[in-house]
Amino acid sequence: MGSVDALRCRECKQEYEPSLKYICDECLGPLDVTYDYGSIKVSRDTFANREKSYWRYLELLPIADKANIVSLEAGFTPLHKADRLGEVLGLKHLYLKNDSVNPTFSFKDRPAGVAVSKAREMGLKAVGCASTGNLASATAAHAAKADLPCYIFAPKDIEYAKIAQALAYGAEFIAVDGTYDDANRIAAQISDAKPIGIVNVNLRPYYVEGSKTLAYEVVEQLNWKVPDHLIVPVASGAMLNAICRGLEELAELNLVDGIDNARVTAAQAKGCSPIVEAFKKKRDEIVPVEYPNTIAKSLAIGDPGDGIYALRRLRQFNGYAEDPDDDEIRDAILLLARYEGIFTEPAGGVAVASLKRLVEDGRIDKDEHVVCYITGNGLKSIDAIEGLLKKPRIVKPNYMDVAKMISIAGM
Ligand SMILES: *Cc1c(COP(=O)(O)O)cnc(C)c1O
Ligand SMILES: [Zn+2]
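These remarks concern the structure in this document. Quantities reported herein were computed from a predicted structural model and do not represent experimental measurements.

### Side note on unusual backbone geometry
- One non-glycine residue, Phe105, lies in positive phi territory at about 75°.
- As for its position among the elements, Phe105 is in the loop between strand S5 (93–98) and helix H2 (109–121).
- In the Ramachandran plot, Asn254 falls in the positive-phi region, its phi being about 55° despite a non-glycine side chain.
- The topology assignment puts Asn254 in the loop between helix H8 (238–252) and strand S11 (263–267).

### A look at the coordination of the zinc ion (ligand 2)
- The protein atoms donating to the zinc ion (ligand 2) are Cys9 (SG), Cys12 (SG), Cys24 (SG) and Cys27 (SG), with metal-donor distances spanning 2.3 Å.
- The coordination sphere of the zinc ion (ligand 2) comprises four donor atoms, whose angles at the metal cover 97 to 118°; the geometry is tetrahedral.
- Every donor residue of the zinc ion (ligand 2) comes from the same chain, spaced as C-x2-C-x11-C-x2-C. Remark: Cys24 occurs in the loop between strand S2 (15–16) and strand S3 (31–35) and Cys12 occurs in the loop between strand S1 (4–9) and S2; sequence separation between them is twelve residues.
- Residue Cys12 is classed as partly exposed on the basis of its relative accessible area, which comes to 35%.
- Owing to a relative accessible area of 1%, Cys24 belongs among the buried residues under this scheme.

### Considering the site of ligand 1
- In the neighbourhood of ligand 1, 16 residues make up the surrounding shell, with Lys108, Asn134, Ala235, Ser236 and Thr375 lying closest.
- The separation between an oxygen atom of ligand 1 and a polar side-chain atom of Lys108 is 2.8 Å.
- Note that an oxygen atom of ligand 1 is positioned 3.0 Å from one of the backbone N or O atoms of Gly237.
- Here ligand 1 loses 97% of its free accessible area of 380 Å² to cover by the protein chains.
- Here ligand 1 occupies the largest cavity.
- Residues belonging to the shell around ligand 1 are distributed by class as follows: eight nonpolar, six polar and two charged.

### Some remarks on the sheet that holds S2
- Spatially, the three strands line up as an open sheet ordered S2-S1-S3, and their pairing is antiparallel. Strand pairing shows two members of the sheet lacking a second neighbour, S2 and S3, which therefore form its edges.
- Its contacts with the sheet put helix H6 (residues 204–211) on S1 and S3, and the angle it makes with S3 is roughly 60°.

### Considerations on empty space enclosed by the protein
- Inspection of every chain in the model, using the stated rule, returns two cavities of 30 Å³ or more.
- Taken as a whole, the largest cavity encloses approximately 300 Å³ of empty space.
- Listing elements by their share of the lining of the largest cavity, those giving two or more residues are helix H3 (134–146), H6 and H8.
- Looking at the lining of the largest cavity residue by residue, the classes come out as 15 nonpolar, eleven polar and three charged.

### Overview of the layout of surface pockets
- When its volume is computed, the largest pocket comes out at roughly 670 Å³.
- In this structure, the largest pocket is lined by 27 residues; those nearest its centre are Asn184, Arg204, Pro304, Gly305 and Asp306.
- Looking at the lining of the largest pocket, the elements that each hand over two or more residues are helix H5 (180–193), H6 and helix H10 (307–316).
- Looking at side-chain class alone, the lining of the largest pocket contains 16 nonpolar, five polar and six charged residues.
- Roughly 430 Å³ of internal volume is contained in the second largest pocket.
- Per-element tally for the lining of the second largest pocket: the top contributor is H8, with five residues.
- Classifying every residue of the lining of the second largest pocket by side-chain character gives five nonpolar, three polar and ten charged.

### Considering the sheet that holds strand S12 (residues 321–322)
- The strand order S4-S5-S13-S10-S11-S12 describes an open sheet built from six strands, whose pairing is mixed. Looking at which strands have only one partner, the edges of the open sheet turn out to be strand S4 (79–81) and S12.
- Of the strand pairs in this sheet, S11 and S12 are connected by two bridges, and their pairing is parallel. Looking at S12, one finds that Ala267 is bridged to Glu322.
- On the sheet, H8 packs against strand S10 (229–233), S11 and strand S13 (369–374) and is oriented at approximately 150° with respect to S10.

Cut-offs applied
- Residues numbered from 1 in each chain as written.
- Chains lettered and ligands numbered in written order.
- Predicted model: local features only at pLDDT ≥ 70, side-chain atom pairs only at ≥ 80, totals over all residues.
- Heavy atoms only, no water.
- Helix = DSSP H or I, 4+ residues; strand = E, 2+ residues; numbered from the N terminus.
- Donors = N, O, S within 2.8 Å, 3.2 Å for Na, K, Ca; no water.
- Tetrahedral: all angles 85-135°; square planar, octahedral: opposite > 155°, others 65-115°.
- Buried < 20%, exposed > 50% of the residue type's maximum accessible area, 1.4 Å probe, protein only.
- Near = heavy atom within 4 Å.
- Polar contact = N/O pair within 3.5 Å; in protein donor to acceptor, adjacent residues only side chain to side chain.
- Areas by Shrake-Rupley, 256 points an atom, 1.4 Å probe, with all protein chains shown as cover.
- 1 Å grid on protein atoms, 1.4 Å probe; cavity = no way out; pocket = protein on both sides within 12 Å on 5 of 7 lines; lining within 4 Å.
- Sits in = over half its atoms within 2 Å of the grid points.
- Nonpolar A, V, L, I, M, F, W, Y, C, P; charged D, E, K, R; others polar.
- Pairing = 2+ DSSP bridges.
- Contact = heavy atoms within 4.5 Å.
- Axes fitted to C-alpha atoms, helices over the stretch in contact; angles between N-to-C directions.
- Points joined across faces, edges and corners; volume = space filled by probe spheres on them.

Rendered as C-alpha coordinates:
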(Lines give C-alpha, C1' and ligand atoms only; values in the text may rest on other atoms or scores of the structure.)
(Ligands and ions follow the chains in the order given, each with its own letter.)
Protein backbone atom coordinates (compact mmCIF):
# COMPACT_ATOMS: atom_id res chain seq x y z
CA MET A 1 0.00 0.00 0.00
CA GLY A 2 1.01 3.64 -0.38
CA SER A 3 3.89 4.18 2.02
CA VAL A 4 3.24 7.81 2.90
CA ASP A 5 6.13 9.30 4.78
CA ALA A 6 4.95 12.77 5.67
CA LEU A 7 3.39 15.96 4.40
CA ARG A 8 6.13 18.24 3.09
CA CYS A 9 6.01 21.93 2.28
CA ARG A 10 6.50 22.53 -1.44
CA GLU A 11 8.42 25.75 -0.63
CA CYS A 12 10.51 25.38 2.54
CA LYS A 13 10.46 21.53 2.73
CA GLN A 14 9.33 21.53 6.37
CA GLU A 15 7.74 18.14 7.16
CA TYR A 16 4.60 17.36 9.14
CA GLU A 17 2.80 14.26 10.36
CA PRO A 18 0.10 13.25 7.84
CA SER A 19 -3.20 14.88 8.88
CA LEU A 20 -5.83 17.30 7.57
CA LYS A 21 -3.16 19.99 7.46
CA TYR A 22 -2.62 21.57 4.04
CA ILE A 23 -0.68 24.81 4.60
CA CYS A 24 2.82 25.14 6.03
CA ASP A 25 3.00 26.85 9.45
CA GLU A 26 6.38 28.33 8.60
CA CYS A 27 5.82 29.86 5.16
CA LEU A 28 2.16 29.23 4.19
CA GLY A 29 3.30 27.06 1.25
CA PRO A 30 1.15 24.12 0.10
CA LEU A 31 1.85 20.66 1.54
CA ASP A 32 2.44 17.55 -0.57
CA VAL A 33 2.43 13.88 0.32
CA THR A 34 5.90 12.30 0.27
CA TYR A 35 6.66 8.62 -0.15
CA ASP A 36 9.61 6.47 0.80
CA TYR A 37 10.44 5.60 -2.81
CA GLY A 38 13.26 3.28 -1.73
CA SER A 39 10.73 0.98 -0.07
CA ILE A 40 8.36 0.89 -3.07
CA LYS A 41 9.13 -2.28 -4.97
CA VAL A 42 7.45 -2.10 -8.36
CA SER A 43 8.42 -3.04 -11.90
CA ARG A 44 6.54 -2.77 -15.19
CA ASP A 45 5.30 -6.33 -14.65
CA THR A 46 3.81 -5.47 -11.27
CA PHE A 47 0.97 -3.67 -13.00
CA ALA A 48 0.33 -6.05 -15.89
CA ASN A 49 -2.52 -8.03 -14.32
CA ARG A 50 -3.94 -5.42 -12.01
CA GLU A 51 -7.53 -4.14 -12.02
CA LYS A 52 -8.41 -1.75 -14.84
CA SER A 53 -8.87 1.35 -12.72
CA TYR A 54 -6.44 3.94 -11.39
CA TRP A 55 -6.25 1.94 -8.16
CA ARG A 56 -3.87 -0.36 -10.04
CA TYR A 57 -1.14 2.08 -8.91
CA LEU A 58 -1.98 1.77 -5.23
CA GLU A 59 1.68 1.79 -4.11
CA LEU A 60 1.82 5.39 -5.36
CA LEU A 61 -1.44 6.53 -3.81
CA PRO A 62 -1.73 7.83 -0.23
CA ILE A 63 -4.10 5.23 1.25
CA ALA A 64 -2.60 2.99 3.95
CA ASP A 65 -5.35 0.36 4.20
CA LYS A 66 -7.01 -1.06 1.09
CA ALA A 67 -10.25 -1.47 3.07
CA ASN A 68 -10.66 2.32 3.04
CA ILE A 69 -10.72 2.62 -0.74
CA VAL A 70 -13.94 4.09 -2.09
CA SER A 71 -13.93 3.01 -5.73
CA LEU A 72 -16.27 3.57 -8.65
CA GLU A 73 -13.68 1.85 -10.89
CA ALA A 74 -12.61 5.16 -12.40
CA GLY A 75 -9.52 5.51 -14.54
CA PHE A 76 -7.66 3.26 -16.99
CA THR A 77 -9.67 5.11 -19.61
CA PRO A 78 -8.95 4.60 -23.32
CA LEU A 79 -5.82 6.07 -24.91
CA HIS A 80 -7.37 6.59 -28.28
CA LYS A 81 -5.15 6.63 -31.39
CA ALA A 82 -6.55 9.61 -33.26
CA ASP A 83 -5.61 8.82 -36.88
CA ARG A 84 -8.32 10.94 -38.51
CA LEU A 85 -7.87 14.02 -36.33
CA GLY A 86 -4.10 13.53 -36.61
CA GLU A 87 -4.35 13.54 -40.38
CA VAL A 88 -6.44 16.70 -40.55
CA LEU A 89 -4.10 18.48 -38.14
CA GLY A 90 -0.96 17.06 -39.75
CA LEU A 91 0.28 14.74 -36.98
CA LYS A 92 1.29 11.11 -37.46
CA HIS A 93 1.12 9.97 -33.84
CA LEU A 94 -1.71 11.73 -32.04
CA TYR A 95 -3.34 10.11 -29.01
CA LEU A 96 -6.33 11.27 -26.99
CA LYS A 97 -6.56 10.33 -23.32
CA ASN A 98 -10.32 9.99 -23.17
CA ASP A 99 -11.18 10.77 -19.55
CA SER A 100 -14.68 11.85 -20.58
CA VAL A 101 -15.81 8.23 -20.04
CA ASN A 102 -15.10 8.02 -16.32
CA PRO A 103 -17.99 7.04 -13.99
CA THR A 104 -19.09 10.67 -13.46
CA PHE A 105 -17.81 11.71 -16.92
CA SER A 106 -14.70 13.73 -16.09
CA PHE A 107 -11.14 13.17 -14.86
CA LYS A 108 -12.21 14.54 -11.45
CA ASP A 109 -13.11 10.97 -10.38
CA ARG A 110 -9.37 10.45 -9.91
CA PRO A 111 -8.62 13.16 -7.31
CA ALA A 112 -12.11 12.97 -5.72
CA GLY A 113 -11.91 9.19 -5.27
CA VAL A 114 -8.54 9.41 -3.56
CA ALA A 115 -9.65 12.28 -1.30
CA VAL A 116 -12.92 10.61 -0.25
CA SER A 117 -11.00 7.40 0.48
CA LYS A 118 -8.62 9.41 2.65
CA ALA A 119 -11.60 11.02 4.42
CA ARG A 120 -12.83 7.54 5.25
CA GLU A 121 -9.35 6.52 6.41
CA MET A 122 -9.24 9.54 8.71
CA GLY A 123 -12.70 8.78 10.08
CA LEU A 124 -14.27 12.04 8.87
CA LYS A 125 -18.06 12.28 9.06
CA ALA A 126 -18.66 14.57 6.06
CA VAL A 127 -16.99 15.67 2.84
CA GLY A 128 -17.40 18.44 0.30
CA CYS A 129 -15.66 20.51 -2.34
CA ALA A 130 -15.39 23.86 -4.04
CA SER A 131 -16.20 23.20 -7.68
CA THR A 132 -16.37 24.66 -11.16
CA GLY A 133 -18.78 21.82 -11.97
CA ASN A 134 -17.15 18.44 -12.51
CA LEU A 135 -15.66 18.04 -9.06
CA ALA A 136 -19.16 18.44 -7.62
CA SER A 137 -20.48 15.25 -9.20
CA ALA A 138 -17.22 13.32 -8.71
CA THR A 139 -17.17 14.13 -4.99
CA ALA A 140 -20.90 13.58 -4.59
CA ALA A 141 -20.80 10.17 -6.29
CA HIS A 142 -17.88 8.93 -4.18
CA ALA A 143 -19.52 10.33 -1.03
CA ALA A 144 -22.70 8.43 -1.91
CA LYS A 145 -20.70 5.22 -2.29
CA ALA A 146 -18.95 5.91 1.04
CA ASP A 147 -22.26 6.81 2.74
CA LEU A 148 -20.98 10.26 3.76
CA PRO A 149 -22.89 13.53 3.55
CA CYS A 150 -21.49 15.86 0.87
CA TYR A 151 -21.54 19.67 0.63
CA ILE A 152 -20.86 21.37 -2.70
CA PHE A 153 -19.84 25.04 -3.03
CA ALA A 154 -20.02 26.25 -6.64
CA PRO A 155 -20.87 29.36 -8.63
CA LYS A 156 -24.61 29.46 -9.32
CA ASP A 157 -24.17 29.89 -13.09
CA ILE A 158 -22.44 26.60 -13.95
CA GLU A 159 -24.12 24.20 -16.40
CA TYR A 160 -27.38 22.82 -14.97
CA ALA A 161 -26.43 19.27 -16.03
CA LYS A 162 -23.56 19.41 -13.53
CA ILE A 163 -25.79 20.69 -10.74
CA ALA A 164 -28.47 18.07 -11.46
CA GLN A 165 -25.89 15.29 -11.48
CA ALA A 166 -24.52 16.23 -8.04
CA LEU A 167 -28.04 16.59 -6.64
CA ALA A 168 -28.98 13.17 -8.02
CA TYR A 169 -26.14 11.61 -6.01
CA GLY A 170 -27.70 13.19 -2.93
CA ALA A 171 -25.31 16.09 -2.29
CA GLU A 172 -26.25 19.39 -0.65
CA PHE A 173 -25.62 21.97 -3.39
CA ILE A 174 -24.75 25.44 -2.16
CA ALA A 175 -24.98 27.69 -5.23
CA VAL A 176 -22.88 30.77 -4.55
CA ASP A 177 -23.91 34.07 -6.14
CA GLY A 178 -20.35 34.89 -7.20
CA THR A 179 -17.27 33.47 -8.91
CA TYR A 180 -15.43 30.20 -8.27
CA ASP A 181 -12.96 32.15 -6.13
CA ASP A 182 -15.86 33.28 -3.90
CA ALA A 183 -17.14 29.70 -3.59
CA ASN A 184 -13.62 28.46 -2.81
CA ARG A 185 -13.13 31.08 -0.09
CA ILE A 186 -16.38 30.05 1.62
CA ALA A 187 -15.41 26.37 1.39
CA ALA A 188 -12.04 27.12 3.02
CA GLN A 189 -13.72 29.04 5.86
CA ILE A 190 -16.15 26.14 6.42
CA SER A 191 -13.27 23.63 6.47
CA ASP A 192 -11.52 25.68 9.17
CA ALA A 193 -14.63 25.83 11.32
CA LYS A 194 -16.23 22.37 10.93
CA PRO A 195 -14.95 18.77 10.95
CA ILE A 196 -15.42 18.29 7.23
CA GLY A 197 -13.04 17.06 4.57
CA ILE A 198 -13.16 19.50 1.67
CA VAL A 199 -11.47 17.43 -1.00
CA ASN A 200 -9.69 20.29 -2.78
CA VAL A 201 -9.00 22.38 0.35
CA ASN A 202 -7.95 20.56 3.53
CA LEU A 203 -7.68 17.18 1.75
CA ARG A 204 -5.80 18.78 -1.16
CA PRO A 205 -2.45 17.07 -0.49
CA TYR A 206 -4.23 13.71 -0.98
CA TYR A 207 -6.62 14.93 -3.68
CA VAL A 208 -3.84 15.92 -6.09
CA GLU A 209 -2.29 12.45 -5.85
CA GLY A 210 -5.20 10.97 -7.81
CA SER A 211 -4.36 13.02 -10.89
CA LYS A 212 -0.81 11.62 -11.11
CA THR A 213 -2.43 8.49 -12.52
CA LEU A 214 -3.12 10.46 -15.73
CA ALA A 215 0.62 10.30 -16.34
CA TYR A 216 1.09 6.67 -15.26
CA GLU A 217 -1.73 5.39 -17.45
CA VAL A 218 -0.64 7.18 -20.60
CA VAL A 219 2.92 5.91 -20.23
CA GLU A 220 1.80 2.35 -19.45
CA GLN A 221 -0.66 2.40 -22.39
CA LEU A 222 2.19 3.52 -24.68
CA ASN A 223 4.06 0.42 -23.52
CA TRP A 224 6.15 2.43 -21.04
CA LYS A 225 7.20 5.07 -23.56
CA VAL A 226 7.05 8.69 -22.47
CA PRO A 227 5.28 10.82 -25.12
CA ASP A 228 7.10 13.76 -26.71
CA HIS A 229 4.38 16.26 -25.90
CA LEU A 230 1.43 16.37 -23.49
CA ILE A 231 -1.35 18.96 -23.90
CA VAL A 232 -3.19 19.66 -20.64
CA PRO A 233 -6.28 21.82 -20.02
CA VAL A 234 -5.70 23.94 -16.92
CA ALA A 235 -7.87 25.62 -14.27
CA SER A 236 -6.21 25.67 -10.81
CA GLY A 237 -3.06 24.07 -12.24
CA ALA A 238 -3.31 21.09 -9.87
CA MET A 239 -3.74 18.46 -12.59
CA LEU A 240 -0.87 19.75 -14.74
CA ASN A 241 1.41 19.81 -11.73
CA ALA A 242 0.31 16.29 -10.75
CA ILE A 243 0.92 14.92 -14.27
CA CYS A 244 4.45 16.34 -14.16
CA ARG A 245 5.06 14.83 -10.75
CA GLY A 246 3.71 11.51 -12.01
CA LEU A 247 6.30 11.58 -14.81
CA GLU A 248 9.06 12.34 -12.30
CA GLU A 249 7.98 9.43 -10.12
CA LEU A 250 8.06 7.01 -13.07
CA ALA A 251 11.65 8.09 -13.68
CA GLU A 252 12.50 7.88 -9.96
CA LEU A 253 11.20 4.30 -9.84
CA ASN A 254 13.09 3.39 -13.06
CA LEU A 255 9.86 2.47 -14.81
CA VAL A 256 10.83 4.65 -17.79
CA ASP A 257 14.14 5.42 -19.44
CA GLY A 258 13.88 9.15 -18.93
CA ILE A 259 11.55 12.12 -19.09
CA ASP A 260 13.97 14.75 -20.36
CA ASN A 261 12.39 14.94 -23.81
CA ALA A 262 8.79 15.27 -22.65
CA ARG A 263 7.21 18.67 -23.23
CA VAL A 264 4.15 19.74 -21.24
CA THR A 265 1.85 22.47 -22.59
CA ALA A 266 -0.97 24.30 -20.78
CA ALA A 267 -4.31 25.13 -22.41
CA GLN A 268 -6.70 27.74 -21.00
CA ALA A 269 -9.64 29.65 -22.47
CA LYS A 270 -9.09 33.26 -23.55
CA GLY A 271 -11.84 34.43 -21.17
CA CYS A 272 -9.87 33.13 -18.19
CA SER A 273 -6.19 32.50 -18.87
CA PRO A 274 -4.11 33.88 -15.99
CA ILE A 275 -1.46 31.13 -16.26
CA VAL A 276 -1.10 31.40 -20.04
CA GLU A 277 -0.83 35.21 -19.71
CA ALA A 278 1.95 34.95 -17.15
CA PHE A 279 3.79 32.42 -19.30
CA LYS A 280 3.55 34.48 -22.49
CA LYS A 281 4.60 37.67 -20.71
CA LYS A 282 7.46 35.82 -18.98
CA ARG A 283 6.24 36.88 -15.54
CA ASP A 284 6.80 34.86 -12.35
CA GLU A 285 3.53 35.90 -10.73
CA ILE A 286 -0.04 35.20 -11.71
CA VAL A 287 -2.33 38.21 -12.07
CA PRO A 288 -5.82 36.94 -11.12
CA VAL A 289 -8.74 37.36 -13.52
CA GLU A 290 -11.52 38.97 -11.51
CA TYR A 291 -14.48 38.04 -13.70
CA PRO A 292 -13.87 34.97 -15.89
CA ASN A 293 -15.94 34.99 -19.07
CA THR A 294 -15.81 31.86 -21.22
CA ILE A 295 -17.91 28.87 -22.26
CA ALA A 296 -15.20 26.70 -20.65
CA LYS A 297 -16.80 27.00 -17.21
CA SER A 298 -14.91 24.04 -15.76
CA LEU A 299 -11.66 25.95 -16.38
CA ALA A 300 -12.94 29.30 -15.09
CA ILE A 301 -10.70 29.81 -12.05
CA GLY A 302 -9.53 33.42 -11.96
CA ASP A 303 -7.06 33.00 -9.10
CA PRO A 304 -5.53 29.54 -9.63
CA GLY A 305 -4.27 27.92 -6.42
CA ASP A 306 -1.44 26.04 -8.13
CA GLY A 307 -0.87 28.70 -10.79
CA ILE A 308 2.75 29.50 -10.01
CA TYR A 309 3.58 25.81 -9.77
CA ALA A 310 1.97 25.11 -13.14
CA LEU A 311 4.01 28.01 -14.54
CA ARG A 312 7.25 26.53 -13.16
CA ARG A 313 6.33 23.15 -14.62
CA LEU A 314 5.85 24.66 -18.09
CA ARG A 315 9.37 26.07 -17.87
CA GLN A 316 10.83 22.85 -16.43
CA PHE A 317 9.21 20.76 -19.20
CA ASN A 318 9.96 23.20 -22.07
CA GLY A 319 6.26 23.59 -22.76
CA TYR A 320 4.07 26.22 -24.33
CA ALA A 321 0.84 27.87 -23.24
CA GLU A 322 -2.15 28.72 -25.43
CA ASP A 323 -5.50 30.37 -24.85
CA PRO A 324 -8.00 29.82 -27.69
CA ASP A 325 -11.18 31.91 -27.71
CA ASP A 326 -14.73 30.58 -27.42
CA ASP A 327 -15.21 30.25 -31.20
CA GLU A 328 -12.03 28.21 -31.56
CA ILE A 329 -13.15 26.07 -28.61
CA ARG A 330 -16.55 25.37 -30.20
CA ASP A 331 -14.95 24.51 -33.53
CA ALA A 332 -12.53 22.15 -31.79
CA ILE A 333 -15.38 20.37 -29.96
CA LEU A 334 -17.04 19.63 -33.32
CA LEU A 335 -13.75 18.73 -35.00
CA LEU A 336 -13.08 16.13 -32.31
CA ALA A 337 -16.64 14.80 -32.46
CA ARG A 338 -16.71 14.56 -36.26
CA TYR A 339 -13.24 13.13 -36.82
CA GLU A 340 -12.92 10.83 -33.80
CA GLY A 341 -16.40 10.19 -32.45
CA ILE A 342 -15.56 11.73 -29.07
CA PHE A 343 -17.89 14.38 -27.69
CA THR A 344 -16.16 16.59 -25.13
CA GLU A 345 -17.15 19.58 -23.04
CA PRO A 346 -15.39 22.93 -23.65
CA ALA A 347 -12.34 21.96 -21.53
CA GLY A 348 -11.48 19.24 -24.08
CA GLY A 349 -12.14 21.75 -26.87
CA VAL A 350 -9.62 24.09 -25.23
CA ALA A 351 -6.98 21.35 -25.37
CA VAL A 352 -7.69 20.43 -29.00
CA ALA A 353 -7.86 24.09 -30.11
CA SER A 354 -4.51 24.77 -28.41
CA LEU A 355 -2.98 21.74 -30.09
CA LYS A 356 -4.25 23.03 -33.44
CA ARG A 357 -2.54 26.39 -32.84
CA LEU A 358 0.75 24.70 -31.97
CA VAL A 359 0.73 22.58 -35.12
CA GLU A 360 -0.21 25.54 -37.31
CA ASP A 361 2.64 27.60 -35.86
CA GLY A 362 5.09 24.78 -36.47
CA ARG A 363 5.79 24.30 -32.77
CA ILE A 364 4.94 20.59 -32.98
CA ASP A 365 6.62 18.37 -35.54
CA LYS A 366 4.49 15.89 -37.49
CA ASP A 367 6.53 12.95 -36.21
CA GLU A 368 6.14 13.73 -32.50
CA HIS A 369 4.12 11.43 -30.26
CA VAL A 370 1.50 13.80 -28.87
CA VAL A 371 -1.03 13.09 -26.11
CA CYS A 372 -3.96 15.45 -25.69
CA TYR A 373 -6.00 15.15 -22.48
CA ILE A 374 -9.79 15.10 -23.02
CA THR A 375 -10.93 15.67 -19.45
CA GLY A 376 -14.72 16.04 -19.56
CA ASN A 377 -17.84 14.90 -21.40
CA GLY A 378 -19.85 16.92 -23.92
CA LEU A 379 -23.23 15.86 -22.56
CA LYS A 380 -22.62 18.06 -19.52
CA SER A 381 -22.46 21.27 -21.56
CA ILE A 382 -24.60 20.98 -24.65
CA ASP A 383 -25.52 24.69 -24.43
CA ALA A 384 -21.96 25.54 -25.45
CA ILE A 385 -22.40 24.24 -29.02
CA GLU A 386 -26.15 24.26 -29.49
CA GLY A 387 -26.02 27.32 -31.75
CA LEU A 388 -23.72 25.52 -34.21
CA LEU A 389 -25.89 22.46 -34.65
CA LYS A 390 -28.46 21.94 -37.39
CA LYS A 391 -32.05 21.79 -36.20
CA PRO A 392 -33.40 18.26 -36.57
CA ARG A 393 -36.01 18.01 -39.33
CA ILE A 394 -39.48 17.19 -38.11
CA VAL A 395 -41.46 14.94 -40.43
CA LYS A 396 -44.83 13.24 -40.61
CA PRO A 397 -44.36 9.48 -40.08
CA ASN A 398 -44.75 8.85 -43.80
CA TYR A 399 -42.25 6.61 -45.65
CA MET A 400 -42.38 8.37 -49.04
CA ASP A 401 -41.68 11.83 -47.55
CA VAL A 402 -38.78 10.55 -45.48
CA ALA A 403 -37.25 8.48 -48.31
CA LYS A 404 -36.98 11.64 -50.47
CA MET A 405 -34.75 13.22 -47.80
CA ILE A 406 -32.13 10.47 -47.82
CA SER A 407 -29.49 10.49 -50.54
CA ILE A 408 -26.48 8.30 -49.89
CA ALA A 409 -23.29 8.94 -51.86
CA GLY A 410 -22.44 6.21 -54.37
CA MET A 411 -25.95 4.76 -54.45
C1 LIG B 1 -11.20 20.75 -13.19
C2 LIG B 1 -11.03 20.49 -14.64
C3 LIG B 1 -9.81 20.73 -15.29
C4 LIG B 1 -8.63 21.44 -14.67
O5 LIG B 1 -8.21 20.97 -13.44
P6 LIG B 1 -7.21 21.77 -12.49
O7 LIG B 1 -6.57 20.68 -11.72
O8 LIG B 1 -8.03 22.67 -11.60
O9 LIG B 1 -6.24 22.56 -13.31
C10 LIG B 1 -9.70 20.35 -16.63
N11 LIG B 1 -10.73 19.78 -17.29
C12 LIG B 1 -11.92 19.54 -16.70
C13 LIG B 1 -13.02 18.94 -17.50
C14 LIG B 1 -12.10 19.88 -15.34
O15 LIG B 1 -13.28 19.63 -14.77
ZN1 LIG C 1 6.93 26.01 4.24
